[in-house]
Amino acid sequence: LAEAMCKEYPELVQSLVSAAADESMRVRFNSALVLGSLEGSGVVQALAKVAAKDGADQWVRAAVLSGIEKRMPAFLTAFRKESKAEPVAFAAVMQDLGRLYGNGAAVADSRVLLQDVLSSNGEYEWRVSTILGLAEGITGRINEFGTSPKGLLHAIQGTSTSSANLASLDSFIGKVINLADNQAENIRVRILATSLLGFTNYERAHTSLQKMLAPTTPPELLLAAVSALTRLNDPRGAILLTEKKAWSSYTPRIKSAVIAALVSKPAFINELFTSIEKGTITGAEISSGDRVRLMTDKNPMVSDRAKLLFKELEGGNRMKVYQEYRKILNVSADAKLGKTVFQKSCSACHTYLGEGGKVGPDLTGVKSQPVEALLLHIIVPNYEVLPAYQTVMIVTNDGLSLSGKILSETENSLTIRTAFGTDESILRRNIASLTNSGLSLMPDGLEQSMSKEDLTNLIAYLKAGS
C-alpha cells in the first residue's frame, strides 16, 4: 500500500526504510521489493542492510538487486560498509552483484570493481565470489573486453594495466589454486575457487582440476571441476575428462556432466570421437539428439566421422529392436538387482521412489503400466515424447552448444535443464540459434549399455514400486 502512496505522501519512504530493519524476514523482504523502485534518503543503505542480513536467501537477493540497476556503485559502497554482514550472505550477494556488473556495467567500471576486490584485505570467500560473478557476467560480452592467452580474468584487467596490477591478479589466482586444492578448506569455498579456475587458462589450472577427477572428490566439487575444464575450452581438458581411469570411476551424474561438456564444445568433439573409437565411451551414452546434431554438423570432418560412429544407433529400426527384445519379458527377473541397474543407468535423469534426478519424468507411478509398455519406452524413447521433455538445442554466439528441456522463459532469457540435471540460463541476445528437435532427451540404444538380464531386472524393479 505504501508503495502506491509514496508519490502523494513522501514521508512514507522513511517508514519503508524503517521496515527494512523489522524483526520479521517477510517484512524485510517486502520492504526491499518496494524500496528498489524508490528514491530518497537512506534507501540504498536500507537495501544494503537487508542484503547483509538475509542475502543467503536467493529470493531476498533477487528482491534487493532488482532495484539497484542504476545505482550499483552506491549500493556497492553501502554494502561493503556492512561490517556485521553474515559471511555466507555477504559472499552470495557479492557474487550476484559481480554478475550484474559483468552483464551490464561499463568496461571501465567492471575493471575498477576487479581491481578493488584484488586490492582488498577482506575474506577470500566474498572476494572469490565477486570475481566469479563478474567473470560469469562478462562471458557474454567477450568482444567488449577482448581476450588474453592467460584467460578471461586477465582480459577483464585489460592490456593497459600496470605491472603492479598484473602481479596482484597473478598472486590472487595463486591463492585461488591453493583454496581449491586445500582439502581442509570449507567445501563451499573450494567449489567457488574451483569454478573461478575456469576463467584462467589450462596451464595454470589443469594440475588442480585433474586431481579432482577422482571418486574421492565430493560430487559438487567434481562437477565444478568438470565445468571449469569445459570453460577453459582447451582440447587437453577433454583428454583429462576422458582418461580411462577417470571415466570408469564417474557416477552417472558426473558421467552425464562430462558427456554434456564433450558435445557442447567444438574443441572437445575430436577427443569425444577418439574415446568412442577406443571403446572408453560407448555411442549409446550420447543422447540421440546430440548424435543427430553431430551427424548433421556443417563441418564435414565432424559429420562424416559422426555418421560412421553412430550409423548403427541412428540408422537401425528401433521398433524392430523392440520386437526382438519382447521375448526377454518371459524370463524371470530380480527386482532387487534391478535397483542397481536403475541407479547406474537411469537415476541421473529420472526420480523413482523419491531418489534420482529431475530431468525426465518421475517414474514412481509406472508400476501400473504393462511390462510391454515399459520395454517400448526404454527401447524406443521417441515413440511418444511430451512437449515438456523434447530436446531443445541452443548454440550461443561464442560457439557453446547446449541441449536440454526448456524449464522457464522470460522476455530476456530462457533456462534449460540439461541431461545431467544442471540448469543453464542463456540471455536471448547471446543465442545464435535455437532448434527444437522434437526428440526425447533419453538416448536411443540404452539397451546396449546393459545386458538383457539387467534390462529384465530393471523392468521388474519399476513394476515392483517399492
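Everything in this summary refers to the structure shown in the same document.

### Re the pattern of salt bridges
Two side chains bearing opposite charge may form a pair once their charged atoms approach each other closely.
Right, so step 1: Evaluated as defined, the whole model comprises 18 salt bridges.
Right, so step 2: In this structure, the salt-bridge partner of arginine 61 is aspartate 96, at a minimum N-O distance of 2.9 Å. In this pair, arginine 61 is assigned in helix H5 (residues 58–65) and aspartate 96 in helix H7 (residues 87–104), connecting sequence segments 35 residues apart. Judged on exposure class, the residue arginine 61 and its partner aspartate 96 are both buried.
Right, so step 3: Between arginine 293 and aspartate 290 there is a salt bridge, and its shortest N-O distance comes to 3.3 Å. A residue pair is termed a helical-turn pair when its members lie 3 or 4 positions apart in one helix, as arginine 293 and aspartate 290 do in helix H20 (residues 288–295) at 3 residues. Aspartate 290 matches arginine 293 in its accessibility class, with the two residues each being buried.
Right, so step 4: The network of salt bridges with shared partners includes Arg61, Asp96, Arg99 and Glu136.

### Some details on the environment of methionine 301
Right, so step 1: Relative to the helices and strands, methionine 301 is located in helix H21 (residues 300–315).
Right, so step 2: For methionine 301, a relative accessible area of 68% gives the class exposed.
Right, so step 3: As a C-alpha pair, methionine 301 and asparagine 270 span 31 residues in sequence and 9.4 Å in three-dimensional space.

### Some words on the side chain of histidine 154
Right, so step 1: Inspection of the secondary structure assignment puts histidine 154 in helix H11 (residues 152–157).
Right, so step 2: Judged by its relative accessible area of 7%, histidine 154 is buried.
Right, so step 3: In this structure, histidine 154 is in contact with Ser148, Leu166, Leu169, Asp170 and Ile173, ignoring residues within four places of it in sequence.

### A short note on helix H22 (residues 318–325)
Right, so step 1: Taken as a whole, H22 has its buried residues at Arg318, Val321, Tyr322 and Tyr325. Axial view of H22: buried residues confined to an arc of 100°, hence all on one face.

### Re the side chain of histidine 350
Right, so step 1: Here histidine 350 lies in the loop between helix H23 (335–345) and strand E1 (351–352).
Right, so step 2: By relative accessible area, histidine 350 is classed as buried at 13%.
Right, so step 3: Here proline 361 takes part through its backbone oxygen, which lies 2.8 Å from a polar atom of the side chain of histidine 350.
Right, so step 4: Residues within four places of histidine 350 in sequence aside, it is in contact with Phe342, Glu355, Gly356, Gly357, Gly360, Pro361, Leu363 and Met442.

### A few points about a nonpolar patch on the surface
Right, so step 1: A contiguous nonpolar patch, built from Leu1, Met5 and Tyr9 and spanning about 350 Å² of accessible area, is present on the exposed surface.
Right, so step 2: With respect to the helices, strands and loops of the structure, tyrosine 9 is situated in the loop between helix H1 (2–5) and helix H2 (12–19).

### Looking at the packing of H23 against helix H25 (residues 452–464)
Right, so step 1: Packing of H23 against H25 leaves a shortest axis separation of 7 Å and a crossing angle of 100°. With respect to their mutual orientation, H23 and H25 come out roughly perpendicular. On H25, the residues touching Ala335, Leu337, Gly338, Lys339, Val341 and Phe342 of H23 are Asp454, Asn457, Leu458, Ala460, Tyr461, Leu462 and Ala464.
Right, so step 2: Split by residue class, the contact of H23 with H25 holds 9 nonpolar, 2 polar and 2 charged.

### Remarks on the packing of aromatic side chains
For any pair of aromatic rings, the description consists of the separation of the ring centres together with the inter-plane angle of the planes.
Right, so step 1: Summed over all chains, the structure comprises 8 aromatic pairs.
Right, so step 2: Aromatic side chains tryptophan 247 and tyrosine 250 sit 5.7 Å apart centroid to centroid with 75° between the ring planes, which places their arrangement in the edge-to-face category.
Right, so step 3: Tyrosine 250 gets classed as buried once you look at its relative accessible area, which sits at 8%.
Right, so step 4: Each ring, one from tyrosine 352 and one from tyrosine 461, has its centre 4.9 Å from the other, and the planes form 65°; the classification is edge-to-face. Highlighted residues: tyrosine 352 in strand E1 and tyrosine 461 in helix H25, separated in sequence by 109 residues.
Right, so step 5: By relative accessible area, tyrosine 352 is classed as buried at 1%.
Right, so step 6: On the accessibility criterion, tyrosine 461 (6% relative accessible area) is buried.
Right, so step 7: Each residue in the set Phe75, Phe79, Phe90 and Trp126 is aromatic and connected to the rest through ring pairs, giving one cluster.
Right, so step 8: One cation-aromatic arrangement involves lysine 452 over tyrosine 325; the distance from NZ or CZ to the ring centre is 5.1 Å.

Reading guide: rules and limits
Residue numbers run consecutively from 1 along every chain, following the written order of its sequence. Reporting in this predicted model follows two pLDDT cut-offs: at least 70 for local features of residues, and 80 or more for side-chain atom pairs to be given and counted; totals over whole chains, interfaces and linings ignore these cut-offs and use all residues. For side-chain calculations, the full set of non-hydrogen atoms in the structure is used, while hydrogens and water are omitted. Criterion for a salt bridge: a side-chain nitrogen of Lys or Arg within 4 Å of a carboxyl oxygen of Asp or Glu. The helix count covers DSSP runs of H or I at least four residues long, the strand count covers runs of E at least two residues long, and both are numbered beginning at the N terminus. For every residue, the accessible area obtained with a 1.4 Å probe (protein chains only) is divided by the maximum for its type, and the residue is called buried under 20%, exposed over 50%, and partly exposed between those limits. Only heavy atoms enter the contact rule, under which two residues are in contact if any of them lie within 4.5 Å. The arc under discussion is defined with respect to the helix axis, by the directions toward the C-beta atoms. Pairs of N or O atoms are called polar contacts if they sit within 3.5 Å, as long as, within protein, a hydrogen donor faces a hydrogen acceptor (for residues adjacent in sequence, only side-chain-to-side-chain pairs). The residues that make up patches have over 30% relative accessible area and no salt bridge, and they are joined within 9 Å when like-charged or within 5 Å when they are Val, Leu, Ile, Met, Phe, Trp or Tyr. Calculation of accessible area relied on Shrake-Rupley with a 1.4 Å probe; when residues are assessed, cover is drawn exclusively from the protein chains displayed. Axis lines are fitted through C-alpha atoms, for helices just across the contact stretch, and the angle between N-to-C directions can take any value from 0 to 180 degrees. Oblique is the label for any angle not covered by the other classes, which are roughly parallel (under 35 degrees), roughly antiparallel (over 145) and roughly perpendicular (65 to 115). Amino acids outside the nonpolar list (Ala, Val, Leu, Ile, Met, Phe, Trp, Tyr, Cys, Pro) and the charged list (Asp, Glu, Lys, Arg) are all regarded as polar, and Gly is one of them. Stacked, tilted and edge-to-face are the three classes assigned to paired rings of Phe, Tyr and Trp, where Trp is represented by its six-membered ring and a pair needs centres within 6.5 Å; plane angles under 30 degrees give stacked, over 60 edge-to-face, the rest tilted. Two conditions define a charge located above a ring, namely a distance within 6 Å from the ring centre to NZ of Lys or CZ of Arg, and an angle within 35 degrees of the ring normal.

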